[in-house]
Number of protein chains: 2
Amino acid sequence: MSRYSAAIAVSRSGEGQYKTELDPGYLIGTAINGGYLMAVLQSAALAESSHEHAVSSSFHFLRPGTGGPADIAVETVKSGRTVSTMRAVLTQDGRPTVTGTFATATLESSAVPEYAPTAPELPAYADCAVFDPRAEESPASEFSRRVELRFSATSYHRLTSAGADPVPELYGYVRLPESEGAPEDTLAFLPMAVDSLPPVVMVFGTWRWAPTVELTWNLRAVPAPGPLTFRSRAEMVSDGWFDENVDLWDSAGTFVAQCRQLARVGR
Amino acid sequence: MSRYSAAIAVSRSGEGQYKTELDPGYLIGTAINGGYLMAVLQSAALAESSHEHAVSSSFHFLRPGTGGPADIAVETVKSGRTVSTMRAVLTQDGRPTVTGTFATATLESSAVPEYAPTAPELPAYADCAVFDPRAEESPASEFSRRVELRFSATSYHRLTSAGADPVPELYGYVRLPESEGAPEDTLAFLPMAVDSLPPVVMVFGTWRWAPTVELTWNLRAVPAPGPLTFRSRAEMVSDGWFDENVDLWDSAGTFVAQCRQLARVGR
């Protein structure tokens, strides 16, 4: 079992009840990464479903999570032949941290899309730049070593020019480090991948904490192993709220995931 | 009270319990419009919240709804100073039809966006075309008289060319008929507006039933009264699934709502 698979594993402790030990390696400062929590919730929801994939997953974040023990309760809201709907709640110390509602189904891995967005053209992985402002904020944090992020030259410039070129659109690659994941982990990594980038509003100035309130992502195809290409965009920043839209393509150029979150602009 | 307000009204029947009578005027064929169900669920969720607005709302559709009595159970998942999270389930004959999870907060109606998408430039309302394939499918259906839809000339062509110009992007206007709604209804109309258009995949051929599995929409600003400008787009159609992304601007050109749904392509 890879380190990533071990980190998102859950064990059944009763009827619809699961336990896990959240790995503090996914902490960013004092709060655990939301994508990691989503991946753990997905493990529990899929363990209870007769379908293989979480095709649409909606999360509401209630309070910051931390490392250590957590309980997950899973309820089958509706069991269906094509789609089953599951609800999962992760609690720590008896208080709910995040709730997820999942539409589960089984996608055909050989499906050929009738219509799909073309993958962005990016330089090769090795020619994209490493950048993670969170590594500077919390030098002790392991997080920036748990997820590998690379940015195109334009995106790197947008992130580092402190608001001089404020276009909220970033391109690059995201993957599990080779030492952390196995090729078959790509599917289980998607919930983390859609919520592992620095907040796109960083292009408007310096990095600030940006707590997610709601996030929904759709699985559109079963990904091939390898790095994922991302595009992250904001449509609106207003009244202390912003949206972040992350789209992912696999190493074969197939559109595999679309995600939107609504978050607060930190102070 | 306008006819629209009466149609989405709920009455409290107990602790977190509401009742309503679903208006069969919102039936499309034998199933009630999902947007109407979302508007009703929102009425109940906001009645229980100390905040004024549902800023992010995620719905999972379990089975088709119909006209007549319905019960709504609302649970406060977390009560907060800035954001409260509510869950609401609508049942008919004791079976859940749709679940909604709401992040509620209070938006500042005079907020000036720091960054926002510009409204599409469209011809005047009166110069856009009426088109509703559902009116032909079910001539007895009142639905196409409960919501007024107008399409730009290009969009009208895409919808009526039966797949000859298959660009899944449509523009136009949506509003409550003047006889149905009052100016102050615009905010409560938004959940209906984001789910009242003909399925955008219609541009690939003739109209088919397209059941929504999951839909999340975000309220980004309090709308001014008047017609809403819409843009509806699909990013991917594959393996029997498609996404429909509906964005709305108010009559003053402010971006007010963003919505994405994952739906099945009907047979």
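Residues numbered from 1 in each chain as written. Chains lettered and ligands numbered in written order. Predicted model: local features only at pLDDT ≥ 70, side-chain atom pairs only at ≥ 80, totals over all residues. Heavy atoms only, no water.

Caption draft 1: Seen up close, the interface of chain A and chain B. Listed per partner, the contact involves 50 residues of chain A and 50 residues of chain B. Of the roughly 4,500 Å² buried at the junction of chain A and chain B (both faces included), carbon and sulfur atoms supply 56%. Where chain A touches chain B, the interface holds 2 salt bridges. A salt bridge links Arg-220 of chain B to Asp-243 of chain A, with the shortest nitrogen-to-oxygen separation between them at 2.7 Å. (Contact = heavy atoms within 4.5 Å. Buried area = accessible area lost by both parts, 1.4 Å probe. Salt bridge = Lys/Arg side-chain N within 4 Å of Asp/Glu carboxyl O.)

Caption draft 2: Focus on the environment of Gly-266 of chain B. All names here are of chain B. Along the chain, the position of Gly-266 falls in the segment after β16 (255-264). Classification of Gly-266 as buried rests on a relative accessible area of 11%. Taking the C-alpha atoms as reference points, Gly-266 and Val-194, separated by 72 residues in sequence, lie 20 Å from one another. Those residues in contact with Gly-266, other than ones at most four positions away along the chain, are Arg-208, Trp-209 and Ala-210. (Helix = DSSP H or I, 4+ residues; strand = E, 2+ residues; numbered from the N terminus. Buried < 20%, exposed > 50% of the residue type's maximum accessible area, 1.4 Å probe, protein only.)

Caption draft 3: The arrangement of the pattern of salt bridges in detail. On inspection of all chains with the given rule, the structure shows 23 salt bridges over all chains. The partner of Arg-231 of chain A in a salt bridge is Asp-247 of chain A, with the nearest N and O atoms 2.9 Å apart. Of this pair, Arg-231 of chain A sits in strand β12 (residues 228-233) while Asp-247 of chain A sits in strand β14 (residues 241-249), placing them 16 residues apart in sequence. Among the salt bridges present, the one from Asp-23 of chain B reaches Arg-146 of chain B, with a minimum N-O distance of 2.9 Å. Note that Asp-23 of chain B is positioned in the loop between β2 (17-22) and β3 (27-28) and Arg-146 of chain B in helix α4 (residues 143-146), a separation of 123 residues in sequence. Judged on exposure class, the residue Asp-23 of chain B and its partner Arg-146 of chain B are both buried. Within this structure, Arg-3, Asp-23, Glu-142, Arg-146 and Glu-180 of chain A form a network of salt bridges that share partners.

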